[in-house]
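Next come the chains, spelled out residue by residue.
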Amino acid sequence: MTRPVTGSAPIIAVDGPAAAGKGTLSKRLAEALELPHLDTGLLYRAVGRLMINAGLDPASTSGESIARSLSLADLQRTDLRTPDVDAAASLVARDNAVRQALVDMQRLFARENGAVLDGRDIGTVIFPDADVKLFITASPYARAVRRYIQNGGSDDAPDRDQLVRTVEVALIARDHADSTRASAPLRMADDAVKIETDTLTADEVLAHSLRIVRDALKAKNVNLPSASVQDLCS
Ligand code: CDP
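Residues numbered from 1 in each chain as written. Predicted model: local features only at pLDDT ≥ 70, side-chain atom pairs only at ≥ 80, totals over all residues. Heavy atoms only, no water.

**Describing the domain arrangement of the protein chain**
No. 1: Assigned domains of the protein chain: these are domain 1 (11-34 + 120-218) and domain 2 (37-112).
No. 2: A separation of 19 Å is found between the C-alpha centroids of domain 1 and domain 2.
No. 3: Each partner contributes residues to the interface: domain 1 has 17 residues there, and domain 2 has 13 residues.
No. 4: Summed over both partners, the interface of domain 1 with domain 2 comes to about 1,300 Å²; 53% of that surface belongs to carbon and sulfur atoms.
No. 5: Across the pair Asp121 and Arg99 runs a salt bridge whose closest N-O atoms are separated by 2.9 Å.
No. 6: Secondary structure elements with two or more residues in the side of domain 1 that touches domain 2: α1 (22-33), α6 (122-126) and α8 (160-180).
No. 7: By residue number, the principal contributor to the side of domain 1 that touches domain 2 is α1, which donates 4 residues.
No. 8: Its residues placed into classes, the side of domain 1 that touches domain 2 shows 8 nonpolar, 3 polar and 6 charged. (Domains from an automatic or database assignment. Contact = heavy atoms within 4.5 Å. Buried area = accessible area lost by both parts, 1.4 Å probe. Salt bridge = Lys/Arg side-chain N within 4 Å of Asp/Glu carboxyl O. Helix = DSSP H or I, 4+ residues; strand = E, 2+ residues; numbered from the N terminus. Nonpolar A, V, L, I, M, F, W, Y, C, P; charged D, E, K, R; others polar.)

Below you can see the structure in the form of structure tokens.
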């Protein structure tokens with residue numbers, strides 16, 4: 001993975017724990033910067049979904065062959081965000097053979113035009129030389145509330161607190177599995193910028209991130225395909 005930095009299209013790595021807002025931020029960053037976006041969680045989710053549908057148990061069977069034949073079209077499926085797939089993806093993601101099978105796909109995605117990629121190991125394993133690395137995080141409670149609302153939960157529901165607590169417990173379990181696995185565990189790259197989003201709106205996180213991107217790219221003399229990131233930050 002040798003890529004000339006100066007003048008080439010930028011690679012922006014966005015990592016962090018579940019439901020921290022990486023997806024929303026990455027999508028909006030990519031739009032603002034006119035870069036392609038890859039939500040790498042969908043790769044593990046798609047392998048998990050295909051295994052479930054084939055009657056394979058991700059706890060005891062490797063998804064390597066499924067991962068090897070995965071295509072970007074598989075990421076368009078509409079059944080990748082169900083609780084059974086949450087759990088399956090986390091198990092699939094522990095499998096080093098699966099992770100290896102998905103490395104090239106992620107690197108090829110960004111090779112031509114640069115990209116914003118979000119996941120757990122983008123800044124540490126997939127693109128250790130990324131031009132900008134962001135680590136997006138928030139407290140487990142704040143993340144659980146976001147995921148609850150994202151999944152259609154209502155703040156007025158009588159059992160809202162209990163339902164949020166259930167989501168929080170599942171998130172904490174997944175964070176633990178993601179951070180303690182042997183292969184590419186979730187951790188912040190030494191040179192990443194950490195953004196705590198508990199008290200920030202999505203717009204504030206985007207504005208803050210754009211400033212970080214602008215400054216980092218300017219310092220490295222990396223070109224952006226979009227007209228001017230300077231304007232986006234003003
Ligand atoms: O959206 P959410 O944060 O809940 O999860 P996701 O980003 O879609 O990722 C689903 C699962 O895939 C995570 O729990 C991780 O176990 C795994 N994953 C990973 O190991 N490496 C990545 N680059 C992205 C996701």
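**Topic: the UniProt feature "domain: Cytidylate kinase" (unreviewed entry) in the protein chain**
No. 1: In this numbering, the UniProt entry assigns the feature "domain: Cytidylate kinase" (unreviewed entry) to residues 12-214.
No. 2: Note that residues 12-214 is 52% helix and 11% strand, and that its end C-alpha atoms are spaced 11 Å apart. (UniProt positions renumbered as here; feature names shortened; annotations may be inferred.)

**Some words on unusual backbone geometry**
No. 1: With a phi angle near 60°, Ala19 is a residue other than glycine that sits in the positive phi range.
No. 2: For Ala19, the location among the structural elements is in the loop between β1 (11-15) and α1.
No. 3: Using a relative accessible area of 9% as the deciding quantity, one classes Ala19 as buried.
No. 4: Positive phi, normally seen in glycine, also occurs at Ala184, with a value near 45°. (Buried < 20%, exposed > 50% of the residue type's maximum accessible area, 1.4 Å probe, protein only.)

**As for the UniProt feature "binding site: ATP" (unreviewed entry) in the protein chain**
No. 1: The positions that UniProt labels "binding site: ATP" (unreviewed entry) are, in the present scheme, Gly16, Pro17, Ala18, Ala19, Ala20, Gly21, Lys22, Gly23 and Thr24.
No. 2: Tracing the backbone shows Pro17 in the loop between β1 and α1.
No. 3: Apart from residues no more than four positions distant in its own chain, Pro17 is found in contact with Lys22, Arg120, Phe135, Ile136, Thr137, Arg143, Asp175 and Leu186.
No. 4: Tracing the sequence through the fold places Ala20 in the loop between β1 and α1.
No. 5: Accessibility expressed as a relative area gives 1% for Ala20, which makes it buried.
No. 6: Other than its neighbours up to four places away in sequence, Ala20 contacts Ile136, Thr137, Ala138, Arg143, Arg146 and Thr197.

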